[in-house]
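Structural features, examined
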Amino acid sequence: MNVDRILKFELNKLNVHLPKRRISLKEALESTRPQVATRDGSVHRFKREELDFLAGLVPEIDRGRLQLPILIALDPKFGRGAARITGEAEVIAISQILGKKSTGGELLIYRPDVAIIRRKLPTTTQYLFMPG
Amino acid sequence: MAEAVSAVTPTRMELLKLRQRVSLAQKGHDLLREKMDALVIEFFEVLKKIGDAKSAALNQLSLAYRALSVCSAVMGTIETRQASREAKRELEIEISTRHIMGIVVPTLEVEELKRNALSRGYSLHTTSSVLDDASKEFEKALGLLVKLAELEESANAIARELEGTKRRVNALEYILIPRLKATIKFIEMRLDEMERENFSRLKRIKAMLEARE
């Protein structure tokens, strides 16, 4: 049936905004035009002030490990509105913004936290939809 | 109760296919609903920013027009107009894009919006310092208006996407999934019915065979 094909197309389209390759915060800070190429062929720019803000949050040693954009993974498996942040450096940065304790390489956050993160980091974070 | 798909063959194969389709539709529905929730967060964020940017731009424009009135009073209207004709009007805006879940929203960056008196283009000899003050205020206002334009376009793009996503979520939730479930139920009932028919047929045959012996 046609509907299934449309649905599959919609699901495939959900993550086209994600970058082909993520760059580290260090690379972004050193670049004159901090940006990444996305899967749909367009370009996503990072705002300089956000990069400086992130640089102030993570220790210098972690700047090479923090990958941009930081992915906010939305997985229906966790329940409606729950999201996951992965990566040690990423978790450190996000925990500091939310005023939480960073625990390992994974952090589970909820809708109000997502709103705070997106308000503070609109260009350096991206949503990732996990099909499960 | 949703209407079952009319032209469906009540077979086990069809039942399996339909169950797969329900699972895909459910998955799609959950993901699209997550997307819709995220879009709502983004939309309200942008609306809040628009409110702040609009009031800041209006305040700044009010200051700028007041400064212009002072300038016209001090220098005279004709001289002020003449100076405005001489001023450089080019403004370099860098338009790039950022993505919010696949929606391309513009990012406008203005380089060197605030100019010094020499680079504005009008003669310093024939103008007063109040014109510099008015120009400064208008340059500030222009920066705020550029920011406001970026936010308004973002809000429009998000609203369009939100509308489409909501329509898809509703179509899945209220039409497709209930219809598929109703069809599954129909096939299950039909298969059960066929099994019962078969059972009673076999019993009847057995009874007939026993009677013949």
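For clarity, every value in this text was computed on a predicted model and none was experimentally measured.

Focus on the overall build of chain A
In terms of helices and strands, chain A carries five helices and eight strands. When the elements of chain A are put in sequence order from the N terminus, they spell out α-β-α-β-β-α-β-β-β-α-β-α-β. Relative to the globule expectation of 14 Å for 132 residues, the C-alpha radius of gyration of chain A, 15 Å, shows essentially globular dimensions. Along the three orthogonal principal directions, the C-alpha set of chain A runs to about 55 × 35 × 20 Å.

Looking at the nonpolar core
Of all hydrophobic cores here, the largest spans 51 residues; its most connected members are Ile72, Ile85 and Ile94 of chain A. Considering every element that reaches this core, the biggest residue donor is helix α1 (residues 12-75) of chain B, with 11 residues.

Observations concerning the interface of chain B and chain A
The interface of chain B with chain A comprises 26 residues on the first partner and 28 residues on the second. Within the residue set of the side of chain B that touches chain A, elements represented by two or more residues are α1, β1 (93-100), β2 (103-110) and α3 (129-212) of chain B. If you tally residues by element for the side of chain B that touches chain A, the top one is α1 of chain B, at 16 residues. Class assignment of the residues belonging to the side of chain B that touches chain A gives a composition of nine nonpolar, six polar and 11 charged.

Topic: the packing of helix α1 (residues 2-13) of chain A against α1 of chain B
Contact geometry of α1 of chain A with α1 of chain B gives a least axis separation of 10 Å together with a crossing angle of 40 degrees. Relative to α1 of chain B, the element α1 of chain A is oriented oblique. Two packed elements cross with a definite hand, and for α1 of chain A against α1 of chain B that hand is left-handed. Residue-level inspection shows Asp4, Leu7, Glu10 and Leu11 of chain A of α1 of chain A in contact with α1 of chain B, the latter providing Arg21, Leu24, Ala25, Gly28, Leu31 and Leu32 of chain B. Looking at the contact of α1 of chain A with α1 of chain B, its residues break down into six nonpolar, one polar and three charged.

Things to note about the sheet that holds strand β8 (residues 125-129) of chain A
Strand order in the open sheet made by the four strands is β7-β6-β5-β8 (chain A), with mixed pairing throughout. The open sheet terminates on both sides in strands that have one partner only, identified here as β7 (106-109) and β8 of chain A. Here the strands of the sheet are splayed against their neighbours by 30 degrees on average, with no regard to which way each runs. Against the sheet, helix α4 (residues 88-98) of chain A contacts β5 (70-74), β6 (83-86) and β7 of chain A, and its axis sits at roughly 35 degrees relative to β7 of chain A. Running over the sheet, α1 of chain B touches β5 and β8 of chain A and is turned about 160 degrees from β8 of chain A.

Observations regarding the environment of Ser129 of chain B
Among the secondary structure elements, Ser129 of chain B is positioned in helix α3. When the C-alpha atoms of Ser129 of chain B and Glu42 of chain B are compared, they prove to be 44 Å apart, with 87 residues separating the residues in sequence.

Some remarks on the environment of Ala83 of chain B
All names here are of chain B. Looking at the element boundaries, Ala83 is found in helix α2 (residues 77-86). With 21 C-beta atoms counted inside 10 Å, the residue Ala83 sits in the buried group. Remark: the alpha-carbon pair of Ala83 and Arg201, spanning 118 residues in sequence, is separated by 103 Å.

Conventions we followed
Residues numbered from 1 in each chain as written. Chains lettered and ligands numbered in written order. Predicted model: local features only at pLDDT ≥ 70, side-chain atom pairs only at ≥ 80, totals over all residues. Helix = DSSP H or I, 4+ residues; strand = E, 2+ residues; numbered from the N terminus. Rg over C-alpha atoms; globule rule 2.2 N^0.38 Å. Core = buried A, V, L, I, M, F, W, Y, C linked by C-beta atoms within 7 Å. Buried ≥ 20, exposed ≤ 12 C-beta atoms within 10 Å, placed from the backbone. Contact = placed C-beta atoms within 7 Å. Nonpolar A, V, L, I, M, F, W, Y, C, P; charged D, E, K, R; others polar. Axes fitted to C-alpha atoms, helices over the stretch in contact; angles between N-to-C directions. Parallel < 35°, antiparallel > 145°, perpendicular 65-115°, else oblique. Left-handed = near helix turned anticlockwise from the far one by under 90°. Pairing = 2+ DSSP bridges.

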